[in-house]
Amino acid sequence: MGTIIGIDLGTTNSCCAFMERGEPRIIINEEGGRTTPSVVGFAKDGERFVGEVAKRQLVVNPEATVYAIKRFMGRRYRECRADMGLVSYPILEGATGECAVEVLGRQYSPREISALVLQKLKKAAEDFLGEPVTEAVITVPAYFTDSQRQATRDAGTIAGLDVLRIINEPTAAALAYVHDRRKASTIAVYDFGGGTFDVSILRVDRDVAEVKATRGDNQLGGADLDRMLLEWLAAAFARENGVPLPTDKVVMQRLRDAAERAKLELSTASSTDVALPFLFVDASGPRHLQVTVTRAIFEELIADAVERTLVECRAAVRDAGLAVEQIDEVVMVGGSSRIPLVQERVKALFRRPLNKGFNPDEVVAIGAAIQAGMLEGDIKGVTLLDVTNFSLGIEVAGGRFARLIPKNTTLPTVARRQVSTVVDNQRSVKIHILQGESERARENVSLGEFELNNIQPAARGLPRIDISFGIDANGIVEVSAKDTRSGISEALRIDAPAGMSKQELLQLTESHAAAAHSDEEAKKLRAIRKTIEGQIVGLEGFQRIHQGELHRSDLDGLDQALKRARMAVLKSQDVPNLTELSTYLVRVQQHLKARVGV
Ligand code: ADP
Ligand code: MG
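Thresholds, definitions, all that
- Residues numbered from 1 in each chain as written.
- Chains lettered and ligands numbered in written order.
- Predicted model: local features only at pLDDT ≥ 70, side-chain atom pairs only at ≥ 80, totals over all residues.
- Heavy atoms only, no water.
- Helix = DSSP H or I, 4+ residues; strand = E, 2+ residues; numbered from the N terminus.
- Rg over C-alpha atoms; globule rule 2.2 N^0.38 Å.
- Contact = heavy atoms within 4.5 Å.
- Areas by Shrake-Rupley, 256 points an atom, 1.4 Å probe, with all protein chains shown as cover.
- Lys, Arg positive; Asp, Glu negative; His and termini not counted.
- Charge placed at Lys NZ, Arg CZ, Asp CG, Glu CD.
- Near = heavy atom within 4 Å.
- Polar contact = N/O pair within 3.5 Å; in protein donor to acceptor, adjacent residues only side chain to side chain.
- Nonpolar A, V, L, I, M, F, W, Y, C, P; charged D, E, K, R; others polar.
- Buried < 20%, exposed > 50% of the residue type's maximum accessible area, 1.4 Å probe, protein only.
- Arc of directions from axis to C-beta.
- Core = buried A, V, L, I, M, F, W, Y, C linked by side-chain atoms within 4.5 Å.
- Axes fitted to C-alpha atoms, helices over the stretch in contact; angles between N-to-C directions.
- Parallel < 35°, antiparallel > 145°, perpendicular 65-115°, else oblique.
- Left-handed = near helix turned anticlockwise from the far one by under 90°.
- Disulfide = S-S within 2.5 Å.
- Phe/Tyr/Trp six-rings, centres within 6.5 Å; stacked < 30°, edge-to-face > 60°.
- Lys NZ or Arg CZ within 6 Å of the ring centre and 35° of its normal.
- Pairing = 2+ DSSP bridges.

Moving on, we come to the overall build of the protein chain. Counting secondary structure elements, the protein chain contains 14 helices and 28 strands. What you see for the protein chain is a C-alpha radius of gyration of 28 Å, in line with the 25 Å of a compact globule of 598 residues. Counting only C-alpha atoms, the protein chain reaches 95 × 75 × 55 Å along its principal axes. Expressed as a percentage of contacts within the protein chain between residues at least 6 apart in sequence, the contacts between residues at least 24 apart total 66%. Carbon and sulfur atoms make up 49% of the accessible area of the protein chain, which totals about 26,400 Å². Positive and negative side-chain charges of the protein chain, numbering 76 and 81 respectively, have mean locations separated by a distance of 3 Å.

In structure tokens, the structure reads:
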């Protein structure tokens, strides 16, 4: 069986891990990094590069470098206005109303960009493991809506990965904690990354991890802190020079870069110098930026943002029906959780030392790998009781929103409701599915709608239509409606409202699969490998039992066959070759059995 990898597909950085003999291990990428910047760069000749190389070209080529694409995944253009200013590349309205990016005259959907990042991780995993990788568990922020989850899954499909599970990032962090501790406790997972902030309260046990509540702000992350510092730097420049900084893209990108570097330094140093020589040239000659930033200044700039995360923490604790004193431990996740002020404030809020046992950049990927290990059956399962992060319901008379599954319900879950017709002999009803917290339907996010037709004619209010709502363990929604008298039913698996059709997805997948193995091939490969692994175990057992009865030459032959088989299982991707090997192993076994007379 091939290895299932666990992927933390981050806004800023992505990380990939797998299970090796029951323990999680990080996959090192081609450049030797443990994490990979979620950045895709495009060159004029159509070449694309991903990760560190792409991040480096950001300064010189900001318009052809796409970063923080996760902010736009599965979202409609008109919902994204606030985020557009945070990136240097243009965001457009795609054909179906979803966001799209335009790079060098070609449009890409966010899922295509994410697929390129995933493809790089997949390739790194294959090189690292020496075998094809076709299956993955991918994490998403707790606050991702259904359409954002679907988009993530689509990105996996485009990259040639079968996404077996989508799990929440904080849940993954909790899994890593459970794996490590195996101690019953109530924990808070505080995840402050580059683009999002999440906090979850979980009850973990030896074999159960239950999310009690989860909160967050998917518009708050380290990039926002960079922007605060950038604005301060720009103001300092204007004050010093009496002229404002031009808003030229390259200048802004250099400044953003410098702001992030200063921020990183201020996590360990108490002050840092920002020097950007020849930032631009105007009538009076070249202009330089040279300024010292102290940690105190930086802390003042970000204090409100940090406070906002604490507000969410308090709310999450309250949602869980607990008091802060009842939180046993706080697990810090995400690069921004390294900021001293953040640690100080979180510690003060929970009045607890923070758990420092995990690398905040890796813990989510490790949790995803643990989930993958459970799917593989390699490690004992921890039952994951996740919760929905939004209420789900339908539109009812008067444009109101009828909540069928309230926020923070444990997953998987199913809810039912009966509706009826509003006019006599009405033959069809329209079911409009929404998610959100407003009482008014139009203020919530529409997930889709469908019609139940051919209802048996009857006086209004008489037909009984059963609506069933399900959310599976991946947080993906399925809705069905059934006319109880005729038995006619309709079901809808919710695709992203601005999502792609299956056909489009297939086309993309095909075009991306050129380099990769086809799914079918991969399946065959997995099957034959499994067979050979079984044969190896059989032959090893035979060897142990009958060692004393076999001739030296037979033992040598057996040794060689085993060696060849082990090597092939590890290295070969050639299905016909492996099939031949398997037949050969059958013959070896028959021959040896005949020798010892069994
Ligand atoms: P994401 O989950 O969004 O991919 P990460 O968890 O990788 O993000 O965090 C990336 C963010 O963390 C970036 O904004 C980066 O600047 C910030 N970061 C990383 N290390 C540090 C540090 N030592 N001090 C402050 N911020 C940091
Ligand atoms: Mg993250």
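Turning our eyes to something else, we now look at the site of ligand 1. Taken together, 18 residues are adjacent to ligand 1, and Asn 13, Gly 194, Glu 260, Lys 263 and Ser 267 come closest. In this structure, an oxygen atom belonging to ligand 1 sits 2.7 Å away from a main-chain N or O atom of Gly 194. Between Glu 260 and ligand 1, the recorded distance is 2.6 Å, taken from a side-chain N or O atom to an oxygen atom. Starting from 580 Å² of accessible surface for ligand 1 in isolation, the protein chains cover 88%. Of all the secondary structure elements, the ones that give two or more residues to the shell around ligand 1 are helix 6 (222–241) and helix 7 (249–266). For the shell around ligand 1, the element with the highest residue contribution is helix 7, accounting for three residues. Looking at the shell around ligand 1 residue by residue, the class counts come to three nonpolar, 12 polar and three charged.

So, about helix 9 (residues 340–350). Along helix 9, the positions that sit buried rather than exposed are Leu 341, Val 342, Val 346, Leu 349 and Phe 350. The buried side chains of helix 9 occupy one side of the element, clustering within an arc of 150° when seen end-on. Considering only its buried residues, helix 9 is in contact with strand 13 (185–192), helix 8 (295–319), strand 18 (329–333) and strand 19 (354–355). One or two residues past the end of helix 9 sits Arg 351, with phi positive at roughly 50°.

Ile 5, Ile 7, Phe 42, Phe 72, Tyr 89, Ile 91 and Leu 118 are the most contacted members of the largest nonpolar core, which totals 52 residues. The biggest single contributor to this core is helix 3 (residues 110–129), with nine residues. Setting aside its immediate chain neighbours within four residues, Leu 118 contacts Ile 7, Leu 9, Ile 138, Ala 155, Gly 156, Ala 159 and Leu 161. Counting 50 residues, the second largest nonpolar core, distinct from the first, contains Leu 245, Ala 258, Val 324 and Val 330.

Before going further, it helps to spend a moment on the packing of helix 13 (residues 552–571) against helix 14 (residues 575–596). Packing of helix 13 against helix 14 leaves a shortest axis separation of 11 Å and a crossing angle of 155°. By the criterion of interaxial angle, the relationship of helix 13 to helix 14 is roughly antiparallel. Considering the relative orientation of helix 13 and helix 14, their crossing is left-handed. Contacts between helix 13 and helix 14 involve Asp 554, Leu 558, Ala 561, Arg 564, Ala 565 and Ala 568 from the former and Leu 578, Leu 581, Tyr 584, Leu 585, Val 588, His 591, Leu 592 and Arg 595 from the latter. When grouped by side-chain class, the residues that make up the contact of helix 13 with helix 14 number 10 nonpolar, one polar and three charged.

Here we come to the state of the cysteines. One pass over the structure, following the stated rule, counts zero disulfides. This cysteine, Cys 15, is not joined by any disulfide, and Cys 16 carries the nearest cysteine sulfur, 7.3 Å off. The exposure class of Cys 15 is buried, given its relative accessible area of 1%.

On inspection of all chains with the given rule, the structure shows seven aromatic pairs. One aromatic cluster in this structure is built from Tyr 190, Phe 192 and Phe 197. In this arrangement the basic side chain of Lys 70 is found over the ring face of Phe 144, its NZ or CZ atom lying 5.9 Å from the centre. Directly above the ring of Tyr 108 sits Arg 106, whose terminal nitrogen or CZ lies 4.2 Å from the centroid.

A few words on the sheet that holds strand 10 (residues 106–108). Taken in spatial order, the three strands make up an open sheet running 8-9-10, and their pairing is antiparallel. Because the sheet does not close on itself, it has two edges, and the strands there are strand 8 (91–93) and strand 10. Each strand of the sheet is rotated relative to its neighbour by a mean of 45°, with strand direction disregarded. Inspection of the sheet shows strand 8 paired to strand 9 (residues 99–103) by three bridges, in the antiparallel sense. Counterpart to Ile 91 in the pairing with strand 9 is Val 101. The sheet contacts of helix 3 involve strand 9 and strand 10, and relative to strand 10 the element is tilted by about 80°.

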